[in-house]
Structures are given as C-alpha cells and as structure tokens.
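# Tertiary structure, described
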Number of protein chains: 2
Amino acid sequence: MNMMEFIDGGVTTPEGFKAVGVHSGVKYRSLDLGLLKSEVPASAFCGFTSNNVKAAPVQVMMAENSPTLTAVVVNSGNANALTGRRGIEDAKTMKSWVATELGIDPVQVGVMSTGLIGRFLDMHKIKYGISRACRELKVGRTADDLLAQAIMTTDTIKKECAARVRLSDGTMVYIGAICKGSGMIAPHMKVLHGTTLSMITTDARLSPAFREKWQAILDDSLNMVSVDGDQSTNDTSILLANGMARGGLADDDPAFFEALKAVMTKIARTVAIDGEGASKLIEVKVNGAESDEDARKVVKFIINSPLVKSAIFGSDPNYGRIMMALGNSGAKFDIEEVQLVIKGGEMEVPILQSGAPVFEEERSVETVRMAMDNKEVTIEMDLGVGEYSAIGWGCDLTYDYVRINAEYAT
Amino acid sequence: MNMMEFIDGGVTTPEGFKAVGVHSGVKYRSLDLGLLKSEVPASAFCGFTSNNVKAAPVQVMMAENSPTLTAVVVNSGNANALTGRRGIEDAKTMKSWVATELGIDPVQVGVMSTGLIGRFLDMHKIKYGISRACRELKVGRTADDLLAQAIMTTDTIKKECAARVRLSDGTMVYIGAICKGSGMIAPHMKVLHGTTLSMITTDARLSPAFREKWQAILDDSLNMVSVDGDQSTNDTSILLANGMARGGLADDDPAFFEALKAVMTKIARTVAIDGEGASKLIEVKVNGAESDEDARKVVKFIINSPLVKSAIFGSDPNYGRIMMALGNSGAKFDIEEVQLVIKGGEMEVPILQSGAPVFEEERSVETVRMAMDNKEVTIEMDLGVGEYSAIGWGCDLTYDYVRINAEYAT
C-alpha cells in the first residue's frame, strides 16, 4: 500500500537529519536559536516572501540561490529586517560561523530570522548560540522539540508534523515538518524568488524539477493561510530532501506528492488555529469560481475581513459581511446563483436563495449563531459561474490579537 | 476676498434646504429615518460604492441616474443589502411614498440605507416614518441635527460641517455636509457608476460637467479614509446644488472647489477619528512616489494594516510594521532613500537612514513611543523615486473595535 500515514515525529524523523535549539540571549529567557543539519548535502527548495521589503537573511538566501543545503540556522526574537547593509553582513556572518563550526562551505548553510523588525542583531549572543548549537545537534523527539521551540515568537502551540509514505518503487520515505507563525501572517511565498518560517525534511530523493510542484503545494497550503493579511518581510519555507531513504526519484510519485501536501496542509491549518489571539479556526471553501485566481481571491477577502473575523469571534450572525467581502474581491459571481453555507459542529446552515437571505425572521437567524459558536467554523460558498475551487484558513479577530500587537515591541 | 470660511451650520444652511430625522421603529429607540429636501430640483452628483455586492438603494439610484434630485430619504438600522428583488422593490417603494407625500416625481427622490446587511426592511415602520418626516421638514440647526442623528449607526460623534465662500462673480455661496460612517469603512466611491453615507448641500449653481471635479474631491477625501479596509455595500455620497444663491456657474470657480474640498476633507478626517472603537486618528502622508496610484496604494496599505493599527493603539514603537506595509503595497521605492518620520504632538521622530533604523539603542527608540502616545499620529514617508503624493486617514485597532463588531447583529 502507498497510502500516506501521519506518525509521531518531527524534522529528525527522516533519515540523516539532526536538530537542536538553544538559548543565545537574543530573547530574555526562551530558546531563540535553532539549527538543522543533514548528514549529506540535501536538495533544497526554498520559498521566500514576496513582500518588497525583504529581511536580510531572505536577501542573502535569494542572492545565493544554492541548489543544495546541508544546514539551516535560524534565530527568533529579532527579524534582522530593515537593517540595511549591516543586516546583510550579519546574516552572512551567521552562515559563516555555522560553516566553520561544522566544517562545510558557507553556501551550504541556510539562514532565517524572525522577531522584531528594525533592530540590529546582537552578534555576540548569536555567536555564542551558534557555537553551542553546533555542538549539541541530536536526533530524536527532544531535538525536534528544541528546534520547534527555538523558532517560536508569539506562537502558543508547537507546529510540527511527520508522515511516512511508500513510493511506487517500494521505498519507504519519511517527511518531517515544523513551522512557526502566529502574527503578520499572510504568506505569499514564491519558490526562488511567513513571518512563517518552516523547515521540511525528507529522506526522499528529489531533483531540481520538483520546484514547480513545491510551489503548487505552498500555494495550496501555507500561502492560503492568513491571520491578519499582513505579509511578513521574513517568510521562508525550506524543504530539504537528502535522498537517504535510497529509493528512486520521488519527483513524480503521486503518493509522495499527496503525503507532502497533506503534511503542509496540516501545518497550514495549525498556523491558522494558533493565529495571534485566535479562539476559532475559520476554514473558507469557495467553489464554482470562473478561475483559480478568482477562487483564491474570494477566500482571501473573506478570511482577511476584520468585520467577518470579529463577527465569528462573537458568534454574531452577521453573514452579510461575508457577502460584503465577496463583493470587494472583484471576483465574478452570479448573485442569483450564489450559495452560502455556514458550518460548525453538527450544524450546516444555508443562508441565501436568489441573492436574499432564506430567513424571514430574526428567530431563524439564531441557527447561524449556533453554527458559529464552535471552535472551527467553515464558510462554504459557490459563486455559480464556473468550476474552480480554493480552500484557505484564517482565524477570528479577538481582544487578545489587539493586546498582543499593541505591546509587541515592548 | 474669496477665502472660504468654516461656519457653524449643517445641511440646511445653504438657501432652500429643509431636513428632518424621526424614529420609525426600525431601530429600537434612536432616530432612524431622515429626509432632506430642496425647494427646487437640485443638480445631483452621486458617488456609489464600487463593491460588487451593491445594496438595493444603490442599485436603484444607479439605474435611474437622475441628473437632478429634489429630496433624499435615508434610513439607518437596516442596510437593505443582500435582499434580492424584494429589496429593490422596497427601495422603490420608499421613493414613491416620499414622492406622493411631497407631490413630486419619484425619480426626483434619492434613497439611501445603512445598518445590518441581509435583513428585509419592515416597510410598515418605514411608511410611518416617511409620512411623519414629510410633515416635519424644517430649516435650522435643530433640523440639521435631527437628520445627522437619523443616519448614525455605530457613530459616536455627529459628522457635520458647513462653510461659505464668495465666488469670483461676487456671489456668496454656502456649503453644508453631513456624513455617517464608523465601521465597514474603506470607501471607494465612483461618481455615477462608506457604509459612509454623506449628503452635501450647496446653493451654488453647478452644471453636470462638475462631475469630474466631484470625483477628484471624493478621491482625495472620503475615498482616502479607511477604518477597517472593508468597503461597504452601501456607500453613497450625494451632492445637491440647487443654485438658489443665484450667482453664475460655480463649476470652474477655484474658490468654490477649494471650499468644497476643505469641507469634504474635514468630514473625511472626522469619519476616521470616529472609526469604530478608535482612540487615535492616524494620518498617513506619502511623498516621492513614482505615480499617483503608488502614493495612494502605500497610504492604504499602511492605514489598513492591523499590525500598524494595533501598534499605534498601544504606542508600541514597532515602526518595522510600517515598512512591512510599504513592502506589501507593490509600490516602487528605493530602500536606500526611503524617509520615514513619525509625528505626534510636538514630537517628530525620523526613523530611517539608508534602509536601516537610525537608533542604535533601545533607549532611543523610546522617542517613537512618545510620538505615538498622542491622539493624532502622523506617519510621513518619502519613497525617494518620484514626485507624487497622497494623504489618507485611518484609526487605531482597539479592543472596542473587536467588541463592537463581535456583537453588531445582536
């Protein structure tokens, strides 16, 4: 059987990967510097933010564009963004310190940062952290956990996932993934060219041609998450494939593709669930769109609307705001044919008929409130003009979102 | 002298206008139905939401496209949006009831609604309200006030303004304006073709050709306000010019243009100040853009960013988020040349030099906090690539915004 299977594991679950997280002092107390290492150079597929103000590590990685990476160093607490030429030098220095400690070429070291924008890194602390991290690399659930913790900022839950799948040639391959991201989350990462940071490891073997498929997977997973519509300067996603499972190329293996997509979808949903201050996950499914672009646009407008998000926080049956968001998306729809269903728990409430609400009385609107009063609310919409679909994830807008972001730099 | 002068007044200040606001019962207690009437048919310049889900009254007004209007009826508490064919009929019925009571042609009656989306109007209540309003039309500050109150939803302050200006031919003309709008505010109104509703009266004489200038004024005033980035289904702005001041055409009179623009700018700022839950006004000025479009885009991305808005609420010196918003706007800029200044009260704090913060230490960042700790915060940015500018207004994101919108329909 080649069905994929989720397993308990993390980034060191695939063969040949080690990880660690340490406290360097950039943050006051928690782990703030992580390192991931592959035993052999791994094919690297990187996706970077399309924000035009790119953090220094993103600029450095994009300029080098290395097809393989052996290690990735990451710090949290400081995004090394908006730091000019000094920031670029600091990002390069981070790479070279890791390279020296591990005895590899600096071009083989990926670098990521997350945290406050517009502050210079304290490189003394970083140096100490890197030196310690290089000595403490390990395999296993503790190592996975340390790295996952080291990349967190306002995250409240660890975003980690692992799976295994048998390729058509019989090889069993493993996939491990971690991700951080809670605020400034509306990634629109382009392969080669949040703040979600994610690292995905696999012992499958992939050729550079897998790049396009990796973009497709990102587009349907992390790139469809939005916590606040604000795309970060630092979003980076790195997939490392070291081939140590020894099978043939997994590029075109449908089972591998589905497994990787399932892992990334799970990670994406977790990012939305843990959006800053979130109390509910919002899943938006759009069907019947005239184009793929239209379907995605409608999803994004709905999950980014502060009015929709606040209504869901309060279980306020203000479904008109969902239609307001549709109208603003610019996507084509036929108002007479548009279907809108709100789902939550066991409830499934159709809202519209021929462009008007099905409810005649305020009492019956209460069913919408009941559906919204769940930890996971699904908004399903059919635009009635085509065959394209998209799914995306967001979260409600709560008092805690405001609190967290009114005192972030403090 | 032809300098414009703000005066104490409202929509009935210009010659020949009467107004009233009554309680029809659509809302539980407060005034919810207003009427404005001109003694003679007035040239009408209407701007409507560009949201593709348009409320019934907007659809009806756009279809009729009457060059003159004699009266405008407006209700609050229910937006008559997402109400299908029944909503269209209801909007037409509102017009015809007013026409019958006032003895005018229904096409001479404008109609606007604001309030909850996706509920049918209770036409019994509306009929009672219209009948009462038509009998109670008056001139004067009380009448102005009743109409201003009748169009409010979550507004906490009355948005009203009046001015007078002498035309070059010696005629003294008056301008009066009221506006409502607090949430779902990101108007992008197109002349002919929030929820802000606004009514502007003047006794100047204007020809249909004034339409383009009216669009230019809207584009620099109400269309540059954003409370939450969510454009309403109902935004409508109606300028009525009844010519009763008897002067020549004011179309090309620069003093009139400036006076009208000043009135609309003042109204726009008031809408931002009274954004739902707002505790601070945010003014964003962008200079040095390569195009007018770029300048406006950057303004909008900054004032719509929940992260920027929350930071300003908490006076959190997280200026990096402003740059994050710039990067997401897609506008062209030269990071080495970008200037960013945050102003508040007496403080004026430059932030950047060659793409990096001017601050070396966390202590000096405290000046940013001090500037942000004011009721009005100005963000001034120069993109360093051209000569275009734009100004826009928004407000901070507060606990109250979330509260208000989590229980709106309740």
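Residues numbered from 1 in each chain as written. Chains lettered and ligands numbered in written order. Predicted model: local features only at pLDDT ≥ 70, side-chain atom pairs only at ≥ 80, totals over all residues.

### Points about the interface of chain B and chain A
Counting from both sides, the interface comprises 53 residues of chain B and, opposite them, 53 residues of chain A. Those elements giving two or more residues to the side of chain B that touches chain A turn out to be helix H2 (84–102), helix H8 (306–313), helix H9 (320–329), strand S16 (356–357) and helix H11 (399–406) of chain B. Within the side of chain B that touches chain A, the residues separate by chemical class into 23 nonpolar, 23 polar and seven charged. (Contact = placed C-beta atoms within 7 Å. Helix = DSSP H or I, 4+ residues; strand = E, 2+ residues; numbered from the N terminus. Nonpolar A, V, L, I, M, F, W, Y, C, P; charged D, E, K, R; others polar.)

### Observations concerning the environment of alanine 259 of chain B
Residues and elements named next belong to chain B. Examined against the element boundaries, alanine 259 turns out to sit in helix H6 (residues 254–273). Note on alanine 259: 27 C-beta atoms within 10 Å, which makes it buried. Distance from alanine 259 to aspartate 230, taken between C-alpha atoms, is 29 Å for residues 29 residues apart in sequence. Dropping the residues within four chain positions of it, alanine 259 is found in contact with Met4, Ala163, Val165 and Ile175. (Buried ≥ 20, exposed ≤ 12 C-beta atoms within 10 Å, placed from the backbone.)

### A few points about the sheet that holds strand S18 (residues 388–395) of chain A
Two strands in a sheet stick together by hydrogen bonds in their backbones, pointing the same way (parallel) or opposite ways (antiparallel). Residue and element names in this part refer to chain A. Sheet architecture is open: six strands sit in the order S10-S18-S12-S17-S13-S14, paired in mixed fashion. Of all the strands in the sheet, the pair left with one neighbour each is strand S10 (225–226) and strand S14 (347–350). Both strand S12 (residues 281–289) and S18 contribute to a ladder of seven bridges, which runs antiparallel. Bridge pairing in S18 links alanine 289 to tyrosine 388. Docked against the sheet, helix H6 (residues 254–273) engages S10, S12 and S18, running at close to 40 degrees with respect to S18. (Pairing = 2+ DSSP bridges. Axes fitted to C-alpha atoms, helices over the stretch in contact; angles between N-to-C directions.)

### Looking at the relation of the copies chain B and chain A
If you rotate chain B by 180 degrees and push it 0.0 Å along the axis, it lands on chain A with an RMSD of 0.0 Å. One copy is carried onto the other by what is essentially a two-fold rotation axis. Nearest to the rotation axis, the C-alpha of tyrosine 399 of chain B is located 2.6 Å from it, this being the minimum over chain B. (Least-squares fit on C-alpha atoms with pLDDT ≥ 70 in both.)

### Some words on the environment of alanine 55 of chain B
All names here are of chain B. As for its position among the elements, alanine 55 is in the loop between strand S3 (33–48) and helix H1 (56–64). Its 33 C-beta neighbours within 10 Å are what place alanine 55 among the buried residues. Spatially, the C-alpha atom of alanine 55 lies 9.6 Å from that of glycine 118, the residues being 63 residues apart in sequence. Apart from residues no more than four positions distant in its own chain, alanine 55 is found in contact with Ala79, Asn80, Ala81, Ser113, Thr233 and Asn234.

### A closer look at the domain arrangement of chain A
Interface size is commonly expressed as the accessible area that is lost once the parts come together. All names here are of chain A. Looking at the assigned domains, one finds that chain A contains domain 1 (5–272) and domain 2 (281–406). Opposite the ten residues of domain 1 that make contact, domain 2 presents 13 residues. Mapped onto the side of domain 1 that touches domain 2, the elements with two or more residues apiece are S10 and H6. The leading source of residues in the side of domain 1 that touches domain 2 is H6, at three residues. Tallied by class, the residues present in the side of domain 1 that touches domain 2 amount to five nonpolar, four polar and one charged. (Domains from an automatic or database assignment.)

### Notes on the sheet that holds strand S13 (residues 339–344) of chain B
All names here are of chain B. Ordered in space as S10-S18-S12-S17-S13-S14, the six strands form an open sheet in which the pairing is mixed. Of all the strands in the sheet, just strand S10 (225–226) and strand S14 (347–350) have a single pairing partner and so form its edges. As defined by bridge partners, S13 adjoins S14 across four bridges and the pair is classed as antiparallel. Bridge pairing links valine 341 to proline 350 in S14. On the sheet, H6 packs against S10, strand S12 (281–289) and strand S18 (388–395) and is oriented at approximately 40 degrees with respect to S18.

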